[in-house]
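Residues per chain are reported as follows:
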Amino acid sequence: MYHLSINGKDYESAEDKKLLRFLRDDLHLTATKDGCSEGACGTCTVLVDGKKVKACVPKLSTLEGKEILTVEGIPQEEMQVYEHCFAEAGAVQCGFCIPGMVISAKSLLDQNLNPSRAEVKKAIRGNLCRCTGYKKIEDAILMAAGFFRDKREIPAQPEVLHMNEHFKRIDAAEKVNGSGIFADDIYLPDMLYGKCLYSKYPRALVNRIDVKKARKHPDCVRILLKEDVPCNKIGHIKQDWDVMRGVGDVTRYVGDALALVVSKRQESLQEILDLIEADLTELVPVTSPYEALRGDAPLLHEDGNVMSRANLVRGNADEAIQNSKYVVTRKYKTSWQEHGFMEPECCVALPEGDDGLLVYTSSQSVYDVQRECAKMLGLPPKKVHCRAPLVGGGFGGKEDMTVQQYASLAAWYTKKPVKVKYSRQESLNYHVKRHPMEMEFTTACDEDGRLTAMKGIIIADTGAYASLGGPVLHRACTHAAGPYNYQNIDIFGMSVYTNNVVAGAYRGFGVTQSCFATEMNINLLAEMCGLDPWEFRRRNAIKPGDILPNGQTADPNTNMEACLDAVKEIYYAHPYAGIACGFKNSGTGMGKKDIGRVLLSVEEGKIHIRTSASCMGQGIGQMALTEICHVTGLNPALFVFEAADTVRTPDSGTSTASRQTVVTGEAARRAGEKLRLALEGGRTVADLEGMEFFGEYSVKTDPLGAVKENPVSHVSYSYGTQVVILNEDGKITKAVSAFDVGTPVNIQSVEGQIEGGMAMGIGYGVTEEFKCEGGYPKSRFGTIGFMRADEAPELDVILCVPEEEKKLPYSLGAKGCGELCMIPTAPACALAYYRLDGEFRQSLPLAGTYYRKKK
């Protein structure tokens, strides 16, 4: 028996297990998160005798006689300071890493109440964050030090809330103190555990799957195979993804499931899986789009190896290029990128009623989960009730089904609660990545440096299944020419199936890749015509009334020129500064259905904000609250933001394409206006008890290739310029973003999103590498190259807000920022290195830098 003291209480365990598993599985102290179980991420940080320890590392036998402190054990008065400071600084986004950050902060502040920023960075070096870029977490810890040092009182929250203000997020406190519930924090009576057997090979013929020995394991409850799945084809847009592969099938990647094991104990899942005898004949995998396009290549899907095509033609690019003074043609290559969200995928499903399911899951849309799981089970959608706990980051990587279909299938058959989750390595190996793309771009300008035309070819590797490969390819093409004023465009793209890891949605959604190619060509054109990179971009920047390369007329709120002007001084002040511009749509657009919905209901004196718009950290609740409070003038304390739920919250579409701020934001404003009208004549919220107010906004756009002079591809665009600064050693010391994202909803949230995007973009450009060799993922979480706090440069954000009369007429002028913030970063890095060493780099991640030395 092992004896432990945890948060001042004595506990004992008969089993010598890892501390993390004891805290979570035995004591249900779930503020200590399981982000990797490899000692890499820091989400499980606790204090042992006052020192930081990652709880996934030590066993209980090494901790006898020691005092263990988790976030739940921090005294209330002390925790209130952390809650205030982390919220006030804007340090909280998805929140999954925050309890570990608080523990690391406490370990520092218990010893030093006057730390420098460098000391704060060192203190949290072991804690990864993919949302914030660390700056606001550092600000929060420094602020907390001041509160503790000076014994300051926590100020009251203001009773009014408007757009473009600092305000503490509605969801911050529960994420700081650890009381907020993520999917893996759910423990239910008689809960079972599920895990899949995956293909050993990227491409193999399945000859036999023998589960007889596995079924004899005492913990085995059920083993499900392909024949047990009512409908085996699902998919977010294109239904081409097999729930399981069976005898006679050829696997498409190492993430193909062959069997689903359900066990009484999670500890015995792997034992049962090891008893399954799977006989597979390994086949030669197709590991590049070029192999897949060969005439003798095997068909990876029945409808061919080309998953999607896109073509955008405006004007006469060939003629314009022929008549141009300067022409540049170059080839570029980008690789996979891992999302690295801190919360691995998890789902808990259980029976509900006589013939339904209740599904708790981490995703980017509960209605997407409902639709796909209902389709798989052959049920009406209303029989699959999906509810969202907190979501620990997404960045596009939680749009597809990963574990939800397996938890739902297992719960349907066993009639008991079932939890299925990925380990961190399974998440790396099986969930989608950013699309690798190979591009050949030709860009031309006249003798004055004015852009005249561009032609481009984009070949994307979408991997084994479609995922979001079609829309990603479309965005890569429609944004490929950049935020500049020229109209002769000819872009063709193909997204091709291979046996590699699936590529899908990722922050930037294809624009990140094509922006790299265009911005690099622009750097060469600037040299050829004797202009510096800033001046060339300023000369060509889109402005209101100009025609974007995709044919859409730039709205009055277009503020690209202001973004360039805002960084002019800092760009010219540094010899090794790189600059790049980008733009990004808000909304799905392209003629697709795009609807935001918000329902306000007055219940027991509180106004409930109900929308299915998924918050992965970007602050949906605060966005909707701000829009509503701005138009009603009501005290924010009167509101409750409900978690997404297919029974309680109306369908507001997937949290993708930077759409929620505009689309659901406008729906929230409309619902708020109805509430405001109901309060006229001296009525109070109490007088409206039981009433509901519904807001809906449906975006009208034109499809790609619409026969119109100036088609409206998207409801709005955000614009931005980034500058990346190196020192003489090639280390990135500072990154600056000047962005037009319309009217900021919440200043801390907008800045935090952009700072986090810059850090992620620097990772994409120089520090991160996800390896997939021969169809086999080869990376581990701790070695991909995610930037840590002491490696992150200084981050500055400049918000270029359009004039009042020019603002977007929807969502009180707010536009999306969640994707734009990392689009220009990699090409800005590349130009900085070009100015440092004269080497023109044409692939990502950049080689031969301070971060990635040449081999």
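Asks: Mind showing me how you'd approach the overall build of the protein here?
Replies: A count of helical and extended segments in the protein gives 21 helices and 31 strands. In terms of overall dimensions, the protein has a C-alpha envelope of 80 × 70 × 60 Å along the principal axes. A buried classification covers 65% of the 855 residues belonging to the protein. Of the contacts made within the protein by residues no fewer than 6 positions apart, 79% connect residues no fewer than 24 positions apart. Just so you have it, the protein exposes about 29500 Å², and 49% of that area is on carbon and sulfur atoms. Across the protein, the mean location of the 100 positive side-chain charges is 3 Å away from that of the 110 negative side-chain charges.

Asks: Can you help me understand the sheet that holds strand E6 (residues 192–198) in this one?
Replies: Strand pairing in a sheet relies on backbone hydrogen bonds, with the paired strands running either antiparallel or parallel. With mixed pairing, the seven strands of this open sheet are ordered in space as E8-E11-E6-E18-E15-E16-E17. Looking along the sheet, the strands with just one partner apiece sit at the ends: strand E8 (220–224) and strand E17 (384–387). Put simply, the sheet's adjacent strands are angled 25° from each other on average, direction ignored. Looking at chain direction, E6 and strand E18 (residues 418–421) are connected through three bridges and run parallel. Within the sheet, the bridge partner assigned to Tyr 193 lies in E18 and is Lys 419. Contacting E6, E8, strand E11 (257–263), strand E15 (346–352), strand E16 (356–361) and E18, helix H12 (residues 404–414) runs over the sheet at an angle of about 30° to E15.

Asks: Got a minute to help me understand the pairing of E6 in this structure?
Replies: Working note: regular strand, side chains alternate between the two faces of the sheet. Most of E6 sits out of view: seven of its seven residues are buried. Where E6 lies against E11, six bridges are found, and the strand directions are antiparallel. Within E11, the residue paired with Tyr 198 across the bridge is Ala 257.

Asks: Can you walk me through helix H5 (residues 135–150) in this structure?
Replies: Since the α-helix advances by 3.6 residues per turn, residues separated by three or four positions end up pointing in the same direction. Taking 1.5 Å per residue, 16 residues should reach 22 Å; H5 reaches 23 Å between its end C-alpha atoms and fits that length. Along H5, the residues classified as buried are Lys 136, Ile 137, Glu 138, Ala 140, Ile 141, Ala 144, Ala 145, Gly 146 and Phe 147. Against helix H2 (76–89), helix H3 (98–109), helix H4 (117–123) and helix H20 (747–767) lie the buried residues of H5. Looking at the residues trailing H5, positive phi occurs at Lys 151, about 50°.

Asks: Help me understand the packing of aromatic side chains, please; the structure alone is not making it clear to me.
Replies: Both the distance between ring centres and the angle between the ring planes are used here to describe each pair of aromatic rings. A complete count under the given rule lists 18 aromatic pairs for this structure. Here the aromatic rings of Tyr 850 and Tyr 851 are separated by 5.0 Å at their centres, their planes lie at 75°, and the arrangement is edge-to-face. Overall, Tyr 850 belongs to the partly exposed group, its relative accessible area being 34%. For Tyr 851, a relative accessible area of 23% corresponds to the partly exposed category.

Asks: Please explain the environment of Tyr 332 as it appears in this structure.
Replies: Note on placement: Tyr 332 falls in strand E14 (residues 326–334). Residue Tyr 332 is classed as buried on the basis of its relative accessible area, which comes to 2%. In this structure the C-alpha to C-alpha distance between Tyr 332 and Glu 440, which are 108 residues apart in sequence, comes to 6.4 Å. Those residues in contact with Tyr 332 that sit more than four places away from it in its chain are Met 437, Glu 438, Met 439, Phe 516, Ala 517, Met 520, Asn 521, Phe 840 and Gln 842. Only 2.7 Å separates the side chain of Tyr 332 from the side chain of Asn 521, close enough to count as a polar contact.

Asks: What should I look at first to understand the sheet that holds strand E5 (residues 67–69) in this one?
Replies: Strand order across the open sheet formed by five strands is E2-E1-E5-E3-E4, with mixed pairing between neighbours. The sheet is open, and its two edges are formed by strand E2 (9–13) and strand E4 (51–54), each paired on a single side. Neighbouring strand axes in the sheet, compared pairwise and without regard to direction, differ in orientation by 40° on average. As judged from the two bridges shared by strand E3 (residues 45–48) and E5, these two strands associate in the antiparallel manner. Bridge pairing links Leu 47 to Leu 69 in E5.

Asks: Explanation requested: the pattern of salt bridges in the structure shown.
Replies: A side chain of one charge can pair with a side chain of the opposite charge when the charged atoms of the two come close. In total, this model carries 72 salt bridges according to the counting rule given. Taking the shortest distance from any N to any O, the salt bridge between Glu 78 and Lys 106 comes out at 2.9 Å. One end of the pair, Glu 78, is in helix H2; the other, Lys 106, is in helix H3, with 28 residues separating them in the sequence. The exposure class assigned to Glu 78 is buried, which follows from its relative accessible area of 15%. Residue class for Lys 106 comes out buried when judged on its relative accessible area of 9%. Between Asp 368 and Arg 371 there is a salt bridge, with its nearest N and O atoms 3.0 Å apart. With Asp 368 and Arg 371 both in helix H11 (residues 366–377) and three residues apart, the pair spans about one turn of that helix. It is possible to trace a salt-bridge network through shared partners that takes in Arg 21, Arg 24, Asp 25, Lys 33, Asp 34, Asp 184, Asp 185, Lys 419 and Lys 421.

Asks: So what exactly am I meant to see when it comes to the environment of Gly 765 here?
Replies: Turning to its location among the elements, Gly 765 is positioned in helix H20. A relative accessible area of 0% places Gly 765 in the buried class. Separated by 60 residues in sequence, Gly 765 and Thr 825 have C-alpha atoms that sit 7.1 Å apart.

Asks: Before we go on, may I ask you to explain H20 in this structure?
Replies: Between the first and last C-alpha of H20 there are 28 Å, a value that for 21 residues agrees with the 30 Å anticipated at 1.5 Å per step. The element H20 is extensively covered by neighbouring structure, given that 20 of its 21 residues are classed as buried. Of the residues that open H20, the one with a side-chain oxygen 3.3 Å from the backbone nitrogen of Gln 748 is Asn 746.

Asks: Explain the pairing of E2 to me, please; I cannot follow it from the model alone.
Replies: Pairing geometry for strand E1 (residues 2–6) and E2, over five bridges, is antiparallel. Considered in E2, the bridge of His 3 is made with Glu 12.

Asks: I'm lost on the side chain of Glu 755 in this one. Help?
Replies: Mapped onto the elements of the fold, Glu 755 is located in helix H20. Engagement of the side chain of Glu 755 in a polar contact is seen with the side chain of Lys 136, the distance being 3.0 Å.

Asks: I tried to follow the packing of H2 against H5 on my own but got confused; where do I start?
Replies: Across the interface, H2 lies against H5 with an axial gap of 8 Å and an inter-helix angle of 140°. Taken together, the axes of H2 and H5 lie oblique to each other. Taken as a pair, H2 and H5 cross one another with a handedness that is right-handed. Residues Glu 78, Val 81, Tyr 82, His 84, Cys 85, Phe 86, Glu 88 and Ala 89 of H2 pack against Lys 136, Ile 137, Asp 139, Ala 140, Ile 141, Met 143, Ala 144, Phe 147 and Phe 148 of H5. Among the residues making up the contact of H2 with H5, the classes are represented as 12 nonpolar, one polar and four charged.

Asks: So what exactly am I meant to see when it comes to unusual backbone geometry here?
Replies: Note on backbone geometry: most residues besides glycine have negative phi, and most peptide bonds are trans. Leu 844 connects to Pro 845 through a cis peptide bond whose omega is -5°. Assignment of secondary structure puts Pro 845 in the segment after helix H21 (825–837). Residues other than glycine seldom take positive phi values, yet Met 590 does so here, at roughly 55°. Within the secondary structure layout, Met 590 lies in the loop between strand E22 (577–586) and strand E23 (595–603).

Asks: So what exactly am I meant to see when it comes to the nonpolar core here?
Replies: Among the nonpolar cores identified, the biggest contains 193 residues, and Phe 86 and Ile 137 are the most heavily contacted of them. For this core, the leading source of residues is H21, giving eight residues. Look past the residues within four positions of Phe 86 in its chain and what remains in contact with it is Ala 91, Val 92, Ile 98, Met 101, Val 102, Ile 137, Ala 140, Ile 141 and Val 176.

The rules we used
Residues numbered from 1 in each chain as written. Predicted model: local features only at pLDDT ≥ 70, side-chain atom pairs only at ≥ 80, totals over all residues. Heavy atoms only, no water. Helix = DSSP H or I, 4+ residues; strand = E, 2+ residues; numbered from the N terminus. Buried < 20%, exposed > 50% of the residue type's maximum accessible area, 1.4 Å probe, protein only. Contact = heavy atoms within 4.5 Å. Areas by Shrake-Rupley, 256 points an atom, 1.4 Å probe, with all protein chains shown as cover. Lys, Arg positive; Asp, Glu negative; His and termini not counted. Charge placed at Lys NZ, Arg CZ, Asp CG, Glu CD. Pairing = 2+ DSSP bridges. Axes fitted to C-alpha atoms, helices over the stretch in contact; angles between N-to-C directions. Expected span 1.5 Å × (residues − 1). Phe/Tyr/Trp six-rings, centres within 6.5 Å; stacked < 30°, edge-to-face > 60°. Polar contact = N/O pair within 3.5 Å; in protein donor to acceptor, adjacent residues only side chain to side chain. Salt bridge = Lys/Arg side-chain N within 4 Å of Asp/Glu carboxyl O. Parallel < 35°, antiparallel > 145°, perpendicular 65-115°, else oblique. Left-handed = near helix turned anticlockwise from the far one by under 90°. Nonpolar A, V, L, I, M, F, W, Y, C, P; charged D, E, K, R; others polar. Core = buried A, V, L, I, M, F, W, Y, C linked by side-chain atoms within 4.5 Å.

Any functional reading would require information beyond the geometric quantities listed.
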